[in-house]
Amino acid sequence: MQDQAELDKKYFIDEYVYNCPFCNRRNVEYGIMHDTKFNWSNEKTCYVYLVECQSCNKMSMHLSFDSIKASQSTWIHGEFGWRFKKGIDIDSHIFFSQPTSFFVVDSRIPGILRELITEAEGCLKMNYLTGASACMRKAIYELLVIEKAEGDDYESRIKYLKQKHKDTDPSLFDILAHIQQMTSDKIHEQSWDKWDSPNLKLIIETLKTVLYDIYVIPQLKKESSIKIQELLVSVKGSKGKTAKEIKPPKRASPPKTPKPDV
Ligand SMILES: [Zn+2]
């Protein structure tokens, strides 16, 4: 079984549940309520899937060059719909989604960086390498600005980050420091070359890992120590009382019966 963090990074977990981009609920049921196809080009057919969240009822759109809908329709909460095919990695068949998978980049990472990475990933899926490269360049520069990285050139500013965040694997910063094109002094956007797909994947994954280390892990540590403090207080609070004196937790009041509609 995949661990939860891996599943949280996905859009579609399996044919029944996904991470809803609207209500941000994870592992929520969805259904394909509408679908169609059109000719992307003479040779290529594009399949359009409109997916409805069974929690918030909002509809998202997903494009694929593969027919990935199960052949049998099914009843989904009283409506006629479809599931995706069983046992496939749905995300890998979808090249564009609206909303994008913005929510899968942790919300504790600064918004501007999340936006740029999400856009870069979207561009990469569509094979728009120039767009993806521009987004990633900007994301790295934004990170340097947010972190107030000091230094005369790109490499020394990355080294500054490496010094500042000693808990992060230093080799990740080395990868960022030696990215081709970033190290040379390019002034105009036109003088930049785009990165190829393997390089872009490496840069995106490296930056995501660095961002997770810088912005998410310290927050998680803080949250868990607050939890422990709270437990400690509750243990101290009940100290000295005998078991009898510790009141059982109040029972939740029974749900109110809804008033009939007038
Ligand atoms: Zn939803």
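Let me begin by describing the structure that accompanies this report.

Calculation notes
Residues numbered from 1 in each chain as written. Predicted model: local features only at pLDDT ≥ 70, side-chain atom pairs only at ≥ 80, totals over all residues. Heavy atoms only, no water. Helix = DSSP H or I, 4+ residues; strand = E, 2+ residues; numbered from the N terminus. Buried < 20%, exposed > 50% of the residue type's maximum accessible area, 1.4 Å probe, protein only. Contact = heavy atoms within 4.5 Å. Donors = N, O, S within 2.8 Å, 3.2 Å for Na, K, Ca; no water. Tetrahedral: all angles 85-135°; square planar, octahedral: opposite > 155°, others 65-115°. Phe/Tyr/Trp six-rings, centres within 6.5 Å; stacked < 30°, edge-to-face > 60°. Core = buried A, V, L, I, M, F, W, Y, C linked by side-chain atoms within 4.5 Å. Pairing = 2+ DSSP bridges. Polar contact = N/O pair within 3.5 Å; in protein donor to acceptor, adjacent residues only side chain to side chain. Axes fitted to C-alpha atoms, helices over the stretch in contact; angles between N-to-C directions. Parallel < 35°, antiparallel > 145°, perpendicular 65-115°, else oblique. Left-handed = near helix turned anticlockwise from the far one by under 90°. Nonpolar A, V, L, I, M, F, W, Y, C, P; charged D, E, K, R; others polar.

1. Notes on the overall build of the protein chain
Secondary structure summary: the protein chain contains 7 helices and 7 strands in total. Mapped from its N terminus to its C terminus, the protein chain presents α and β elements in the order α-β-β-β-β-β-β-α-β-α-α-α-α-α. Counting every position in the protein chain, which comprises 262 residues, the buried fraction comes to 35%. Here the contacts in the protein chain between residues at least 6 apart in sequence split such that 51% fall between residues at least 24 apart.

2. Concerning the coordination of the zinc ion
For the zinc ion, the protein coordination sphere consists of Cys-20 (SG), Cys-23 (SG), Cys-53 (SG) and Cys-56 (SG), at 2.3 to 2.4 Å. Taken together, the 4 donor atoms coordinating the zinc ion span angles of 103 to 117° at the metal, a pattern that classifies the geometry as tetrahedral. The sequence motif formed by the donor residues of the zinc ion is C-x2-C-x29-C-x2-C. Taken together, the residues span a long stretch of sequence, with Cys-23 in the loop between β1 (17–18) and β2 (28–39) and Cys-56 in the loop between β3 (45–53) and β4 (59–64) at a distance of 33 residues. A relative accessible area of 22% means that Cys-56 is categorised as partly exposed.

3. Structural notes on the packing of aromatic side chains
Per the counting criterion, the structure on display carries 15 aromatic pairs. Ring geometry for Tyr-18 against Tyr-30: centres 4.9 Å apart, planes inclined by 45°, an arrangement best described as tilted. Of the two residues, Tyr-18 sits in strand β1 while Tyr-30 sits in strand β2, which places them 12 residues apart along the sequence. Exposure class is identical for Tyr-18 and Tyr-30. Each is buried. Between Trp-40 and Phe-95, the aromatic rings sit 5.3 Å apart at their centres with planes inclined by 85°, giving edge-to-face as the arrangement.

4. Some details on the nonpolar core
By size, the foremost hydrophobic cluster in this structure holds 37 residues, and its most contacted members are Met-136, Ile-140 and Leu-207. Every element with two or more residues in this core is listed here: α3 (111–125), α4 (129–146), α5 (154–164), α6 (170–177) and α7 (197–238). Per element, the largest residue contribution to this core is 9 residues, and it comes from α7. Among residues more than four places away in sequence, those in contact with Leu-207 are Ile-117, Met-136, Ala-139, Ile-140, Leu-143 and Leu-176. Formed by 16 residues, the second largest nonpolar core is a distinct cluster that contains Tyr-30, Ile-32, Cys-53 and Trp-82.

5. Side note on the sheet that holds β4
Pairing is antiparallel in the open sheet, where 5 strands are placed in the order β1-β2-β3-β4-β7. The open sheet terminates on both sides in strands that have one partner only, identified here as β1 and β7 (94–98). With 4 bridges joining them, β4 and β7 adopt antiparallel strand pairing. Bridge pairing in β7 places Ser-64 opposite Ile-94.

6. Brief notes about the side chain of Asn-19
Take Asn-19: it is sitting in the loop between β1 and β2. What makes Asn-19 buried here is its relative accessible area of 0%. A distance of 2.7 Å separates the side chain of Asn-19 from the backbone oxygen of Lys-10, its partner in a polar contact. Separated by 3.3 Å, the side chain of Asn-19 and the backbone nitrogen of Asn-27 make a polar contact.

7. Examining the pairing of β4
Where β3 and β4 come together, 6 bridges link them in antiparallel fashion. If you follow Val-48 over to β4, its bridge partner there is Leu-63. Hairpin connection between β3 and β4: a loop of 5 residues separates the two successive antiparallel strands, and Asn-57 in this loop has a positive phi of roughly 65°.

8. Quick look at the packing of α5 against α6
Axis angle and axis distance: for two packed helices, these are the angle between their axes and the distance between the axes, and together they describe the pair. Where α5 meets α6, the axes come as close as 9 Å, and the angle between the chain directions of the two elements is 165°. With respect to α6, the element α5 is oriented roughly antiparallel. Viewed along their axes, α5 and α6 form a crossing whose handedness is right-handed. Residues Tyr-154, Glu-155, Ile-158, Leu-161 and Lys-162 of α5 form the contact with α6, whose participating residues are Pro-170, Phe-173, Asp-174, Leu-176 and Ala-177. Residues belonging to the contact of α5 with α6 are distributed by class as follows: 7 nonpolar, no polar and 3 charged.

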